[in-house]
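Architecture at a glance
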Amino acid sequence: MSHSNSQPISVALIGARGYVGEELIRLLNQHPVFELALAVSRSKQGQAVNGYSNNTLYYQDATPAQVAEGNYDLIFLALPNGLAQSYVTEIDRLSSQSVIVDLSADYRFDKSWYYSLPELSQTTDQIRISNPGCYATAMQLSLAPLTPVIDGAAHCFGVSGYSGAGTNPSDKNNLELLKDNLIPYQLSEHLHEKEVSHHLDTDVKFTPHVASFFRGISMTTHISLQQPMTLEEVIEKFKKLYQHHPLIEVRETIPLVKDIQGKVGAIVGGFKLDKSGCHLVVCCALDNLLKGAAVQALQNANQAFNLNSLEAINYD
Ligand SMILES: NC(=O)C1=CN([C@@H]2O[C@H](COP(=O)(O)OP(=O)(O)OC[C@H]3O[C@@H](n4cnc5c(N)ncnc54)[C@H](OP(=O)(O)O)[C@@H]3O)[C@@H](O)[C@H]2O)C=CC1
Ligand SMILES: CC(=O)N[C@@H](CCC(=O)OP(=O)(O)O)C(=O)O
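Residues numbered from 1 in each chain as written. Chains lettered and ligands numbered in written order. Predicted model: local features only at pLDDT ≥ 70, side-chain atom pairs only at ≥ 80, totals over all residues. Heavy atoms only, no water.

The name given to the protein in an unreviewed UniProt entry is N-acetyl-gamma-glutamyl-phosphate reductase, and the organism recorded there is Kangiella koreensis. Quoted verbatim from the Catalytic activity (unreviewed entry) heading of the UniProt record, the comment on the protein is "N-acetyl-L-glutamate 5-semialdehyde + phosphate + NADP(+) = N-acetyl-L-glutamyl 5-phosphate + NADPH + H(+)". According to UniProt, the comment filed for the protein under the heading Subcellular location (unreviewed entry) is "Cytoplasm". (UniProt positions renumbered as here; feature names shortened; annotations may be inferred.)

**Some thoughts on the site of ligand 2**
Looking at ligand 2, there are 13 residues lining it, with R108, K172, Y185, H190 and H192 nearest. In the model, an oxygen atom of ligand 2 is placed 2.6 Å from a nitrogen or oxygen of the R108 side chain. Y185 places a side-chain nitrogen or oxygen 2.6 Å from an oxygen atom of ligand 2. Contact with the protein chains hides 84% of the accessible area of ligand 2, taken as 430 Å² for the molecule alone. In the shell around ligand 2, the residues fall into five nonpolar, six polar and two charged. (Near = heavy atom within 4 Å. Polar contact = N/O pair within 3.5 Å; in protein donor to acceptor, adjacent residues only side chain to side chain. Areas by Shrake-Rupley, 256 points an atom, 1.4 Å probe, with all protein chains shown as cover. Nonpolar A, V, L, I, M, F, W, Y, C, P; charged D, E, K, R; others polar.)

**Things to note about the nonpolar core**
In terms of nonpolar packing, the biggest core is built from 80 residues, with F34, L74 and F76 touching the most fellow members. No other element matches the eight residues that helix α9 (residues 290-304) contributes to this core. In terms of domain composition, this core takes at least three residues from each of domain 1 (9-132 + 293-304) and domain 2 (134-288). Not counting the four nearest positions on each side in its chain, L74 is found in contact with I9, S10, V11, A12, F34, V99, V101, A301 and F305. L38, Y87, V88 and I100 belong to the second largest nonpolar core, which has 18 residues in total. (Core = buried A, V, L, I, M, F, W, Y, C linked by side-chain atoms within 4.5 Å. Buried < 20%, exposed > 50% of the residue type's maximum accessible area, 1.4 Å probe, protein only. Helix = DSSP H or I, 4+ residues; strand = E, 2+ residues; numbered from the N terminus. Domains from an automatic or database assignment. Contact = heavy atoms within 4.5 Å.)

**Let's talk about the sheet that holds strand β13 (residues 266-273)**
Taken in spatial order, the seven strands of this open sheet run β9-β10-β8-β11-β14-β13-β12, and their pairing is mixed. Each having just a single partner strand, β9 (182-184) and β12 (248-250) make up the two edges of the open sheet. Ignoring strand direction, the axes of neighbouring strands in this sheet form an average angle of 20°. For strand β8 (residues 154-160) and strand β11 (residues 217-224), the ladder comprises six bridges, and the chain directions are antiparallel. Among the inter-strand pairings, F157 is bridged to a residue of β11, identified as T220. Here helix α4 (residues 134-143) sits on the sheet and contacts β8, β10 (204-211), β11, β12, β13 and β14 (279-286); the angle it forms with β11, its principal contact strand, is near 40°. (Pairing = 2+ DSSP bridges. Axes fitted to C-alpha atoms, helices over the stretch in contact; angles between N-to-C directions.)

**Let's talk about the sheet that holds strand β5 (residues 99-102)**
Within the open sheet, the seven strands sit side by side as β3-β2-β1-β4-β5-β7-β6. Their pairing is parallel. Each edge of the open sheet carries a strand with a single partner, namely β3 (59-60) and β6 (114-115). As judged from the three bridges shared by β5 and strand β7 (residues 128-130), these two strands associate in the parallel manner. By the bridge assignment for β7, D102 is matched with S130. Set on the sheet, α9 makes contact with β2 (34-40), β4 (74-77), β5 and β7; between it and β4 the angle comes to about 160°.

**Regarding the pattern of salt bridges**
Pairs can form between side chains of opposite charge once their charged atoms are near each other. Counted by the stated rule, this structure contains ten salt bridges. One salt bridge connects D180 with K179, and the closest N-O pair in it is separated by 3.4 Å. One continuous salt-bridge network, built from bridges that share partners, spans E23, R26, R215 and D287. (Salt bridge = Lys/Arg side-chain N within 4 Å of Asp/Glu carboxyl O.)

**Side note on the pairing of β13**
Each regular strand displays side chains that alternate between the two surfaces of the sheet. Among the eight residues that make up β13, seven are buried, leaving the element largely enclosed by the rest of the structure. Sheet topology places β12 next to β13; three bridges connect them, and they run parallel. Bridging across to β13, E249 finds its partner in I267. Bridge analysis of β13 against β14 gives six bridges, and the strand direction is antiparallel. Bridge pairing links I267 to A285 in β14.

**Quick look at the site of ligand 1**
Residues in contact with ligand 1 amount to 26 residues; listed here are only the nearest, S41, R42, S43, L79 and T167. Between R42 and ligand 1, the recorded distance is 2.8 Å, taken from a backbone N or O atom to an oxygen atom. Coverage of ligand 1 by the protein amounts to 86% of the 890 Å² it exposes when considered alone. Residue-level mapping places the shell around ligand 1 at the junction of two domains, with at least three residues from each of domain 1 (9-132 + 293-304) and domain 2 (134-288).

In structure tokens:
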């Protein structure tokens, strides 16, 4: 999608008071071209939007039809899973060319949408973009450099902060239950297991856990290799794939959640091969609300408008 540099690109954010919506507002506040024009929240309707100082903005309630009629250039859907379709139907009904970036899981398997983890794809000229899940991002960053040489299923052990469960009360964001605790859930067939297996065309097994910290993901992945490799060869593959992607740091030491909380990028590291050279363990840490959600939604939107992918993302 091309645009004239002098014209702001109008943005609507649906799900604006959620954890991810809040992060998007902070990022959009630094954006030179994207201009937040509509921030939708039913519960905060009428309140001023904190964190957005570029113009005076109040949360509004808006139906899917009202959002579509607003004809915004760019629409972020940051709603709980299962709610995107009513907005997309109304936008399609008006044959709108609005770029939609959906942060939910609703279109991740839909062939008419473009699934994009920005470091592994190029979103230019797409107008229906499906953003990857947070664990799925950590798994894909850990696996993508090696997919041609993986033998059998990769096994991923992931631990998320409880903000991953959103604001809707559940056992996964119940602080009493989480205190001094680590909770495994969805022991098999988590959606992100299918998401990664599908998009990397590699069999993945994944068990998610939630812990009492607020934000961040630690992902430990076991990979069998078809042929023995040296550690240098493994690390070289990671460095090569991510060399032009400043949000992805490749390092030898194990990345920790504390290293990445509040940071826009991801760290892949801790590479360990066994004596046979065929069994590798790799770790990834990222902030689920940033690189796992809002940051890559913004990267995808930047790419869709042919802007620098990292516009408004401060990564130093
Ligand atoms: N949290 C995370 O780590 C990640 C989340 N995602 C995905 O991003 C999306 C947003 O997640 P998150 O911010 O955590 O969720 P939250 O629960 O924090 O926020 C949900 C948002 O949606 C709005 N909302 C809820 N129900 C409805 C409804 N029925 N109709 C209209 N609006 C509604 C809420 O606002 P209000 O009630 O005021 O209208 C709120 O702004 C989800 O699809 C999630 O799966 C993706 C990657 C990571
Ligand atoms: C701790 C926790 O509950 N995490 C969420 C994943 C958050 C995410 O990325 O969600 P979507 O795939 O729905 O976008 C979960 O396991 O469902």
